[in-house]
Amino acid sequence: SQWGEENLQALSIQEGEDVTMNCSYKTYTTVVQWYRQKSGKGPAQLILIRSNEREKRSGRLRATLDTSSQSSSLSITGTLATDTAVYFCATEASSGQKLVFGQGTILKVYL
Amino acid sequence: GPKVLQIPSHQIIDMGQMVTLNCDPVSNHLYFYWYKQILGQQMEFLVNFYNGKVMEKSKLFKDQFSVERPDGSYFTLKIQPTALEDSAVYFCASSSKYNNQAPLFGEGTRLSVL
């Protein structure tokens, strides 16, 4: 999982497999936002889950949030090679305040 | 969909020179951010900006850094003078007032200080 002083995690899976990435956070947050960053590009919004939600789905993506353990996960079902990227979770104390990013998970999906 | 545009995509300058990175945020967004990313590392917050003022800045936001939105359009990050350790990719982001939209990021400006 990603956060704090943990090393950047790397996962390598075959196309079609499912994957779950985890992150934990240390400070109060109103939302957990998941971003995907492909090589040479900016972070792209994937899914936002609010503190009063436990689960959020969007297509092949599913995010969960457990505020009691201060952790979140992002699952991708039926991965594609185009899902290859670095996935970041980020927290935000309130709207407009800074996003605090985790270390990220490098996901490589091979054919 | 709406996009945050960053100009230029790559800038090369000599150490000690001034550089201005430009960001064209989404038109109805009110909050603006700069982040710094060194290759292969996480995104690090520099500063956020609202209503013409800096809201919060991190330790990475050195005295040589400044931000403004001079004409109500471009949001700029100025570094004067630059140092070798300023080499990185700088990402601009903007967000709306409401807590239902994640900040939208630009593609970044790669700054190379020689």
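Digging into the sheet that holds strand β1 (residues 5-7) of chain B
Residues and elements named next belong to chain B.
Point 1. Taking strand neighbours across the sheet as the criterion, the four strands line up as β1-β3-β8-β7 in an open arrangement whose pairing is antiparallel. The strands lining the two open edges of the sheet, one partner per strand, are β1 and β7 (65-68). Taken pair by pair, the neighbouring strands of this sheet meet at an average axis angle of 20 degrees, ignoring direction.
Point 2. Bridge analysis of β1 against strand β3 (residues 19-24) gives three bridges, and the strand direction is antiparallel.

Re the interface of chain A and chain B
Point 1. The partner chain B presents 25 residues to the 23 residues of chain A that form the contact.
Point 2. Buried area between chain A and chain B, summed over both chains or domains, comes out near 1900 Å², and the portion from carbon and sulfur atoms is 49%.
Point 3. Viewed at the interface, chain B and chain A are joined by one salt bridge.
Point 4. Salt-bridge contacts for A:K98 lead to B:E56; the nearest nitrogen and oxygen are separated by 3.1 Å.
Point 5. Linking chain A with chain B are nine residue pairs in polar contact (both at pLDDT 80 or more), by the criterion used here.
Point 6. Within the residue set of the side of chain A that touches chain B, elements represented by two or more residues are β3 (31-37), β4 (44-50), β8 (85-92) and β9 (99-101) of chain A.
Point 7. When residues in the side of chain A that touches chain B are grouped by element, the largest group, four residues, is from β3(A).
Point 8. Here the side of chain A that touches chain B is built from residues that sort into eight nonpolar, 11 polar and four charged.

As for the sheet that holds strand β2 (residues 19-24) of chain A
Residues and elements named next belong to chain A.
Point 1. Taken together, four strands build an open sheet; the order of strands is β2-β7-β6-β5 and the sheet is antiparallel. Each end of this open sheet is capped by a strand with a single partner; those strands are β2 and β5 (55-58). Across the sheet, the axes of successive neighbouring strands diverge by a mean angle of 15 degrees, strand direction being ignored.
Point 2. Taken together, the four bridges between β5 and strand β6 (residues 61-66) define a ladder with antiparallel strand orientation. The residue bridging K56 from the neighbouring strand is A63, located in β6.

Criteria and cut-off values
- Residues numbered from 1 in each chain as written.
- Chains lettered and ligands numbered in written order.
- Predicted model: local features only at pLDDT ≥ 70, side-chain atom pairs only at ≥ 80, totals over all residues.
- Heavy atoms only, no water.
- Pairing = 2+ DSSP bridges.
- Helix = DSSP H or I, 4+ residues; strand = E, 2+ residues; numbered from the N terminus.
- Axes fitted to C-alpha atoms, helices over the stretch in contact; angles between N-to-C directions.
- Contact = heavy atoms within 4.5 Å.
- Buried area = accessible area lost by both parts, 1.4 Å probe.
- Salt bridge = Lys/Arg side-chain N within 4 Å of Asp/Glu carboxyl O.
- Polar contact = N/O pair within 3.5 Å; in protein donor to acceptor, adjacent residues only side chain to side chain.
- Nonpolar A, V, L, I, M, F, W, Y, C, P; charged D, E, K, R; others polar.

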